[in-house]
Protein chains: 2
Amino acid sequence: MRRSQLYAPTKKTTAKSESINAYLLTKAGFVSQVAAGVYALLPLALRVAQKIEAIIREEMNALGANETVFSALQPKQTWEASGRWQDPHFRQIIYFDPEAGMTFGATHEEPMVLAIKESVQSYRDLPVLLYQFQTKFRKELRAKSGLLRGREFRMKDLYSFHATPEDHQQFYEESAAAYARVFSRLGLETYRIKASGGIFSQEYSDEFQVICNTGEDEILANHTTKTGFNKEVEAEVSAEEKKDLERVRSIEVGNIFHLGTKYTDAFDVKYLDNAGALQPIYMGSYGIGVSRVLGTLAEIYNDEHGLKWPTAVAPFQIYLADLTQEGKAEALYQRLSSAGYDILWDERAVSAGEKLVDADLMGVPVRLVVSDKTEAAGQVELKDRSTGAVVLLGQDELDKKLQMYFP
Amino acid sequence: MRRSQLYAPTKKTTAKSESINAYLLTKAGFVSQVAAGVYALLPLALRVAQKIEAIIREEMNALGANETVFSALQPKQTWEASGRWQDPHFRQIIYFDPEAGMTFGATHEEPMVLAIKESVQSYRDLPVLLYQFQTKFRKELRAKSGLLRGREFRMKDLYSFHATPEDHQQFYEESAAAYARVFSRLGLETYRIKASGGIFSQEYSDEFQVICNTGEDEILANHTTKTGFNKEVEAEVSAEEKKDLERVRSIEVGNIFHLGTKYTDAFDVKYLDNAGALQPIYMGSYGIGVSRVLGTLAEIYNDEHGLKWPTAVAPFQIYLADLTQEGKAEALYQRLSSAGYDILWDERAVSAGEKLVDADLMGVPVRLVVSDKTEAAGQVELKDRSTGAVVLLGQDELDKKLQMYFP
């Protein structure tokens, strides 16, 4: 893509924000703030989000789950039927239009249960594994962490329905393994953390936490096993065990819950077993915060010059800074585009300094520089954004190097 | 994909709905109703929607537009600033949480203008062309047309910003041409219809209408030029002209608007021309109803047995009904999957009749049937869902035929 055709309004100066991710993503032209805790994803952020979602989608499909899109609108009555409307913890976070009697999808247990109520009759119809990428709305009292805690945010949520607790437990572990793969592919090292079910469930849950000084959570982490405990269940951890644990701050990027029969019972959703007897249905839910993953990556991968995206989710693979007088880098741009690279050609009529500053700020993994001098010598300068290493390469060397970066 | 792993709860009987599209899409397991005018997209509908969006995305990118995702949440204050909050026509369709002071994206002129206010300074920053696929929320008084008029629906909306009316007019015509290409690729014959700006604009607008007996709109259509007038501007059409026009019912699947400087002036968004003088910015908006296109296709492409999707947007290309005793069609399924076909293998332990009924109901363009008999003869039965034609083919003939369907 040509840089002149990309809407990425970088800023020379940006008011310091309380959050690193909001500051950097705003300055680099990835997002535009609409209100406290509400951001528009501009083209660069959307590209990252789409790459994050593609990785999650692959792993969810590999689990045998089916992608759907439910509605944000949910009648208040369904929340009364599940009992959550009456729960002040929930009530206070739910957006609600009193004239219409409609709430706006804070979470989707209720409509998912109601949908399968129509389709599940017998044990042959189970399990059901449905997921979606959906916008969630929650009235966060404190929304000062940029994309880490928004009032409106993108989330992947999966709901599973099983004939027995054993079937559910098996899927729960399969989904935990899938989550580990997702986060690893996204460039995030996660810890599997025991936690309470919070406001979702009476049973325990597992959180996937990324260690980060600016995170809101506090965990007791075992660095060898990459497991640990949320501070909220600290009282249940034995003193002996605590020896191997370090208290650190972290960001929760995913979670998985046992919901038991709480929601299926509330809506009287049961199945007929092979003896013709009605049986309860066991449910689980599994979330990954897509916006939060985007914010976490920005929070972790950066330096004083800007963002440093991991290769798998970078908005572009290559930033081609054209410093020649006459756009002489076009041939290289065309050649690398044709070879399938996702490349941004900065052909704007602005100073060399502005282009190089923008490239660092945007955080694309590989920056190529072509100047009249390198062009005459048949060379290209390659800078690795992550390490800062700079090399001058001939065409064949460049091709080999790029294949190493993007196999 | 294996049919047993697809969540597509077809129904043997479904209550007759006032709308054909809702009836068929529900019976065929594409959607699940959440409330009046609110539908969850189940896997089959999502597959169609994703194909519709991919075609739109290609054409919008070809226009040089940039994809974004703005927020649904919009502070009430911005609607007061534009004056629309005070307009009872708008006020009555807007979902609103009075405690939070937030509205839920009925349309996105306000946040788009506010975003470019930060980034556009000079004539060099124009034009700006931003679009998104976004969920819209509107309190429709009458929501009885299934996916043709929802309270929550998917929409592609594009907003353009230009330095002069002439620049805008040029883009307006380019976008009209792009719309014609989009609808043609989607299998919809559209008429370009002159209409009023409605509640969006004082200026005229162009609608893209599909002739359909069950449509809500009424147009005067010229079948030669594929143009015409909306009934609402009938008074302005001369008697001479009316001779070539037929009064028909139709569905509006897209529209394009001149917004002039109404919204940019409201937020005092101007640019500096090359003489350093402040100038107004001319704005247009361009919508395609993704959910409505899905509903329109269902409304138009069907017969007494079910849906009949056009090839470009069908949820699968091939429905492979395996009527053998031992799932012998698996080899064919694997071979066609490997060849890149989007194929659904119905390997369920249900009757042959149920599989054939489901195939017709789902409306996949090509149905293949493998029975013990055809298998022994080295043949496959192919049925064209659109024409109903059935042929028996050997392997080489099948491969050639499929290449004709899906080049």
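Residues numbered from 1 in each chain as written. Chains lettered and ligands numbered in written order. Predicted model: local features only at pLDDT ≥ 70, side-chain atom pairs only at ≥ 80, totals over all residues.

Focus on the overall build of chain A
Where we set the bar: Put simply, DSSP marks the helices as runs of H or I at least four residues long and the strands as runs of E at least two long, and each gets a number from the N terminus on. Exposure in this text rests on C-beta crowding, where 20 or more other C-beta atoms within 10 Å of a residue's own make it buried, 12 or fewer make it exposed, and counts in between make it partly exposed. The C-beta atoms are placed from the backbone. For every residue pair, C-beta atoms are placed from the backbone, and the pair is scored as a contact if these atoms sit within 7 Å.
When you go through chain A residue by residue, the secondary structure sums to 13 helices and 23 strands. Based on the C-alpha atoms only, the size of chain A along its principal axes is roughly 80 × 55 × 45 Å. Looking at the 407 residues of chain A, the share that counts as buried comes to 49%. Of all intrachain contacts in chain A linking residues separated by at least 6 positions in sequence, the fraction that spans at least 24 positions is 70%.

Observations concerning the nonpolar core
Quick note on the threshold: By convention the nonpolar core is taken to be a set of buried residues drawn from Ala, Val, Leu, Ile, Met, Phe, Trp, Tyr and Cys and joined through C-beta atoms within 7 Å.
The biggest cluster of nonpolar side chains holds 219 residues, and the ones touching the most others in it are Ala 45 and Leu 320 of chain A together with Ala 45 and Leu 320 of chain B. Leaving out residues up to four positions away in the same chain, Ala 45 of chain A has contacts with Leu 25, Phe 30, Val 31 and Leu 294 of chain A.

Details of the sheet that holds strand E5 (residues 96–97) of chain B
Residue and element names in this part refer to chain B. As a reminder of what qualifies: Strand pairing requires that DSSP identify at least two bridges connecting the strands.
As summarised here, the arrangement of the three strands in space is E4-E6-E5, forming an open sheet in which the pairing is antiparallel. Across the chains shown, the open sheet's two edge strands, defined by having one partner strand only, are strand E4 (73–75) and E5. Judged from the three bridges that link them, E4 and strand E6 (residues 102–104) form a sheet pairing that is antiparallel. Bridge pairing in E6 places Gln 74 opposite Thr 103.

Some thoughts on the environment of Asn 61 of chain B
Assignment of secondary structure puts Asn 61 of chain B in helix H2 (residues 43–62). Each C-alpha atom of the pair Asn 61 of chain B and Leu 188 of chain B lies 21 Å from the other, and the pair is 127 residues apart in sequence.

A short note on unusual backbone geometry
Comment: phi is negative for the bulk of residues other than glycine, and the bulk of peptide bonds are trans. Residue and element names in this part refer to chain A. Along the chain, Leu 126 connects to Pro 127 via a cis peptide bond; the corresponding omega equals 0 degrees. Inspection of the secondary structure puts Pro 127 in the loop between helix H5 (109–119) and strand E7 (128–137). Look at Lys 226: it is not a glycine, yet its phi comes out positive at around 55 degrees. Note that Lys 226 resides in the loop between strand E11 (217–222) and strand E12 (227–230).

Remarks on the interface of chain A and chain B
Stated formally: We call Asp, Glu, Lys and Arg charged. Ala, Val, Leu, Ile, Met, Phe, Trp, Tyr, Cys and Pro are nonpolar, and the rest, Gly among them, are polar.
Each partner contributes residues to the interface: chain A has 42 residues there, and chain B has 42 residues. Grouping the constituent residues of the side of chain A that touches chain B by class yields 27 nonpolar, nine polar and six charged.

Things to note about the relation of the copies chain A and chain B
The condition that has to hold: Least-squares fitting of one copy onto the other uses the C-alpha atoms of those residues that reach a pLDDT of at least 70 in both copies.
Mapping chain A onto chain B calls for a rotation angle of 180 degrees and an axial translation of 0.0 Å; the resulting RMSD is 0.0 Å. Considering both components of the superposition, the chain copies are consistent with a two-fold axis. Minimal C-alpha distance to the rotation axis in chain A is attained by Asp 97 of chain A, lying at 2.4 Å. When you check the interface residues of chain A against chain B, 100% turn up at the interface there too, and the contact is symmetric in its surfaces.

Structural notes on the domain arrangement of chain A
The line we're drawing: Bear in mind that the domain bounds are from an automatic or database domain assignment.
The domain boundaries assigned to chain A delineate domain 1 (33–302) and domain 2 (316–405). Each of domain 1 of chain A and domain 2 of chain A was reduced to a C-alpha centroid, and the two centroids are 40 Å apart.

Structural notes on the sheet that holds strand E19 (residues 318–322) of chain A
Residue and element names in this part refer to chain A. Worth spelling out the cut-off: To get an axis, a line is fitted to the C-alpha atoms, and for a helix only the part in contact is used. The angle between two axes follows their N-to-C directions and goes from 0 to 180 degrees.
Strand order in the open sheet formed by five strands is E20-E19-E21-E22-E23, and the pairing between neighbours is mixed. What marks the edges here is a single partner per strand, and that holds for strand E20 (343–346) and strand E23 (390–393). The mean angle between the axes of side-by-side strands here comes to 20 degrees, regardless of whether they run parallel or antiparallel. Strand direction decides the pairing type here: strand E22 (residues 380–384) and E23, joined by four bridges, are antiparallel. Bridging across to E23, Lys 383 finds its partner in Val 390. Strands E19, E20, strand E21 (366–370) and E22 of the sheet are contacted by helix H10 (residues 330–338), whose axis makes an angle of about 170 degrees with E20.

Quick notes on the pairing of strand E2 (residues 38–41) of chain A
Residues and elements named next belong to chain A. Along E2, one buried face is formed by Val 38 and Ala 40 and the opposite face, lined by Tyr 39 and Leu 41, is buried too. Of the pairings in the sheet, the one linking strand E1 (residues 31–35) to E2 comprises four bridges and is antiparallel in character. Residue Gln 33 lies in a different strand from E2, and its bridge partner there is Tyr 39.

Quick notes on helix H5 (residues 109–119) of chain B
An α-helix turns once every 3.6 residues. As a result, residues three or four positions apart point the same way. Of all eleven residues in H5 of chain B, eight are buried; the element is thus mostly enclosed. Inspection of H5 of chain B places Glu 109, Glu 110, Pro 111, Met 112, Val 113, Leu 114, Ala 115 and Ile 116 of chain B among the buried residues, and these make up the whole buried set.

Considerations on the pairing of strand E10 (residues 205–211) of chain B
Residues and elements named next belong to chain B. Within E10, six of the seven residues are buried, which leaves it mostly tucked inside the rest of the structure. As paired strands, strand E9 (residues 191–195) and E10 are joined by five bridges and run antiparallel to one another. Each residue of the ladder has a partner; that of Ala 195, found in E10, is Ser 205. The pairing of E10 with strand E13 (residues 246–260) spans seven bridges and is classified as antiparallel. Within E13, the position partnered with Ser 205 by the bridge is Phe 257.

Structural notes on the packing of H2 of chain B against helix H9 (residues 290–300) of chain B
All names here are of chain B. Which entries qualify depends on this criterion: The labels follow the angle: roughly parallel below 35 degrees, roughly antiparallel above 145, roughly perpendicular from 65 to 115, and oblique for the rest. Helix crossings get a hand from a simple test, with the near helix turned counterclockwise from the far one by less than a right angle marking a left-handed crossing and a clockwise turn marking a right-handed one.
Interhelical geometry of H2 versus H9 gives an angle of 115 degrees and a closest axis separation of 10 Å. When the axis of H2 is compared with that of H9, the two are roughly perpendicular. Crossing of H2 over H9 shows right-handed handedness. Between H2 and H9, the contacting residues are Ala 45, Val 48, Ala 49, Ile 52 and Glu 53 on the first element and Val 290, Val 293 and Leu 294 on the second.

A word on the packing of helix H2 (residues 43–62) of chain A against helix H6 (residues 165–185) of chain A
All names here are of chain A. Contact geometry of H2 with H6 gives a least axis separation of 10 Å together with a crossing angle of 160 degrees. Here H6 runs roughly antiparallel to H2, going by the angle between their axes. Read as a crossing pair, H2 and H6 show a hand that is right-handed. From H2, Ile 55, Ile 56, Glu 59 and Ala 62 reach across to H6, where they touch Ala 178, Arg 181, Val 182 and Arg 185.

Describing the environment of Leu 307 of chain A
Turning to its location among the elements, Leu 307 of chain A is positioned in strand E18 (residues 306–307). Look past the residues within four positions of Leu 307 of chain A in its chain and what remains in contact with it is Leu 24, Ala 28, Ala 298, Tyr 301, Asn 302, Leu 361, Met 362 and Gly 363 of chain A.

Quick word on the environment of Glu 18 of chain B
Its location among the elements puts Glu 18 of chain B in the segment before helix H1 (20–27). Glu 18 of chain B sits 89 residues away from Thr 107 of chain B along the chain, and the two C-alpha atoms are 27 Å apart.

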